[in-house]
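Breakdown of the fold
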There are 4 protein chains.
Amino acid sequence: MSPKVFRTSIRVAWVDTDAVGVVHFSNYLRYFERAEEEFYRHLGFTFDDAAIQDYWFPRVEVSCQYKKPARFNDLLEVELTIDELKEKSVRYGFKIARKGSQTLIAEGHVTVVSAKRQTGKAAPLPPEFVDKLRLHCS
Amino acid sequence: MSPKVFRTSIRVAWVDTDAVGVVHFSNYLRYFERAEEEFYRHLGFTFDDAAIQDYWFPRVEVSCQYKKPARFNDLLEVELTIDELKEKSVRYGFKIARKGSQTLIAEGHVTVVSAKRQTGKAAPLPPEFVDKLRLHCS
Amino acid sequence: MSPKVFRTSIRVAWVDTDAVGVVHFSNYLRYFERAEEEFYRHLGFTFDDAAIQDYWFPRVEVSCQYKKPARFNDLLEVELTIDELKEKSVRYGFKIARKGSQTLIAEGHVTVVSAKRQTGKAAPLPPEFVDKLRLHCS
Amino acid sequence: MSPKVFRTSIRVAWVDTDAVGVVHFSNYLRYFERAEEEFYRHLGFTFDDAAIQDYWFPRVEVSCQYKKPARFNDLLEVELTIDELKEKSVRYGFKIARKGSQTLIAEGHVTVVSAKRQTGKAAPLPPEFVDKLRLHCS
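Now for a description of the structure that goes with this document. (Residues numbered from 1 in each chain as written. Chains lettered and ligands numbered in written order. Predicted model: local features only at pLDDT ≥ 70, side-chain atom pairs only at ≥ 80, totals over all residues. Heavy atoms only, no water.)

1. A few points about the overall build of chain A
Put simply, the test is: The helix and strand labels rest on DSSP assignments: H or I over at least four residues marks a helix, E over at least two residues marks a strand, and numbering proceeds from the N terminus. Using a 1.4 Å probe on the protein chains alone, a residue whose accessible area is under 20% of its type maximum counts as buried, one over 50% counts as exposed, and one in between counts as partly exposed. Pairs of residues are marked as contacts when any of their non-hydrogen atoms sit within 4.5 Å. Positive: Lys, Arg. Negative: Asp, Glu. His and the chain ends are not part of the count. Each charge is placed at NZ for Lys, CZ for Arg, CG for Asp and CD for Glu.
Across its full length, chain A carries 3 helices and 7 strands. When the helices and strands of chain A are placed in sequence order, the string is β-α-α-β-β-β-β-β-β-α. Expressed as lengths along the three principal axes of its C-alpha atoms, the size of chain A is roughly 45 × 30 × 25 Å. Counting across all 138 residues of chain A, residues that qualify as buried make up 57%. When contacts within chain A are restricted to residue pairs at least 6 apart in sequence, long-range pairs at least 24 apart make up 68% of them. In chain A, the 21 positive side-chain charges and the 19 negative ones have mean positions that sit 3 Å from each other.

Given below as structure tokens:
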């Protein structure tokens, strides 16, 4: 699978900082998720689509390594890659740097599984979802 | 209605602070809500009760005045009073001080309406809820 | 003072929602603040400027009225107006609607005071800040 | 090092949930941190001590695996263990379950380094801190 990269920008808000003046470590996972949401919009998902609304995409595993602090007002660039696409799950990789800089601030990954909303049980990723992810990879 | 007071303690977490080293102003509303949740537990609500689960209790109005900053590790005491009880709404008043201190950190109010979850339309507060609120007031 | 309006867009993130599927009421205050931050950038503030860094701009009062729920993925437009500009404080008004819609989702205000960061005491707003706010109003 | 366990309880607040009705995945890291803060209080740290205030304890790595969803009003128990204590860092392990249940909801780890607040550079953990951590382990 080609390491095709999706990029989106996030501005650090005041509320994201903590008493040492840096972005709280939990917020990087929220930045990862915001990038994922932008990625789905980029792929053309509406989120209102009935076929999608039957599903729920819980996270089963995350990791994050923190390299440098980010601060209020920083303009960050989040890079998303599809690290692994399986029948019932997708694993995203994320890298965060200040926009225009190569210096890594944080990197991590998030594994998302596909589940039926009613039962909560794992189920194959919806085909139209897989098609769009595949199209992005190729 | 007697100004009977319900009190609960909240410890300021690191994540609640911002880059100036004080609790972010939005978090006081979350402290208000946590006190409200403790109050409902104190009244004996289970939240799992079917009769309650048909309802939704959106907030229609909030206000908050900030007097003094709170900081990481402060042990706060939140005071909740029922300021007004109407057929379809209840207005809570809140005061926050450091535990054991009279110096006000913040005070405000929150107006909660009763709505049916399915329609989203305002509906009389559930009778068992009103009974418990009344009992608290008397 | 003319009711000149500054507008910015905010996309509702998944993390902003609660178990009823709507944006948590505390997050509207965070949207207000994000609009304020965008407004300062629009006015040309760098936030790194030493003259500004001596200051701290705590909120002394907020209010919010909730009209309609916002949901995940909604694209909101936040309108900011300067409602009152005093020697040591500025009062902003905010209105939030879905972009392209006139239906109000929430509206409120936030009063910000100017204080010296070292002493925490109220102080006149920095002149360069007042100049820029005035320029926006005229 | 003995796997001595520190336990603390956390009640799931409404604001911690998302539109599927479960605790947002980023909040488990905040629960980990709250347990860590309670642990420091348990060890007798005041946080106001000058020797400690020279330091900053940024996180350099976190991971979390999500097993079962937690929901509003759940009373969770967080278990903290010291997995590794090094000269300049400490690695905590965390397990979260509903209080009184053995079924794991989430587990993870957080690696905290010791740094001087002024320089931001890594430095040996303060001796009084190490002493207390050691005492807990023995």
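2. Considering the interface of chain A and chain D
Quick reminder of the rule: Buried area is a sum: the accessible area each of two parts loses on coming together, probed at 1.4 Å, counted once for each and added. Only one rule defines a salt bridge in this text: a Lys or Arg side-chain nitrogen within 4 Å of an Asp or Glu carboxyl oxygen. Each residue receives one of three labels: charged for Asp, Glu, Lys and Arg, nonpolar for Ala, Val, Leu, Ile, Met, Phe, Trp, Tyr, Cys and Pro, and polar for the others, Gly being one of them.
Listed per partner, the contact involves 20 residues of chain A and 20 residues of chain D. Here chain A packs against chain D, burying approximately 2000 Å² in sum over the two surfaces, 63% of which is carbon and sulfur. The largest per-residue losses of area from chain A upon contact with chain D belong to Phe25(A), Arg30(A) and Trp56(A), which jointly make up 27% of the total buried on that side. The tally of links between chain A and chain D comes to 0 salt bridges. Looking at which element gives the most residues to the side of chain A that touches chain D, the answer is strand S3 (residues 59-66) of chain A, with 8 residues. Of the residues contributing to the side of chain A that touches chain D, the split by class is 10 nonpolar, 5 polar and 5 charged.

3. A few points about the relation of the copies chain A and chain D
Going by this rule: When the copies are overlaid, the least-squares fit takes in C-alpha atoms only where the residue has pLDDT of at least 70 in both copies.
Take chain A, turn it by 180°, move it 0.0 Å along the axis, and it overlays chain D with an RMSD of 0.0 Å. Classification of the inter-copy transformation places it as that of a two-fold axis. Identified as the residue of chain A closest to the rotation axis by C-alpha distance is Ser63(A), at 2.0 Å. The share of interface residues of chain A whose copies in chain D are also at the interface is 100%, consistent with both copies meeting through the same surface.

4. Some words on the relation of the copies chain C and chain B
Expressed as a screw transformation, the operator carrying chain C onto chain B has a rotation angle of 180° and an axial translation of 0.0 Å, and the superposed copies differ by an RMSD of 0.0 Å. Residue by residue, 100% of the interface of chain C is reproduced at the interface of chain B, so both copies engage with the same surface.

5. Focus on the pattern of salt bridges
As enumerated under the stated definition, the model contains 36 salt bridges over all chains in all. Two residues, Arg59(B) and Glu33(B), come together in a salt bridge whose shortest N-O distance is 3.9 Å. Here the residue Arg59(B) occupies a position in strand S3 (residues 59-66), and Glu33(B) occupies one in helix H1 (residues 25-43), the gap between them amounting to 26 residues. In this pair, the class of Arg59(B) matches that of Glu33(B), namely buried. Residue Arg91(C) is joined to Asp83(C) by a salt bridge in which the shortest nitrogen-to-oxygen separation is 3.3 Å. For Arg91(C), a relative accessible area of 27% translates into the label partly exposed. The partly exposed category is assigned to Asp83(C), whose relative accessible area is 40%. Overlapping salt bridges, with partners in common, bring together Arg7(A), Glu77(A), Glu79(A) and Lys99(A) in one network.

These values are about where atoms sit, not about what they do.
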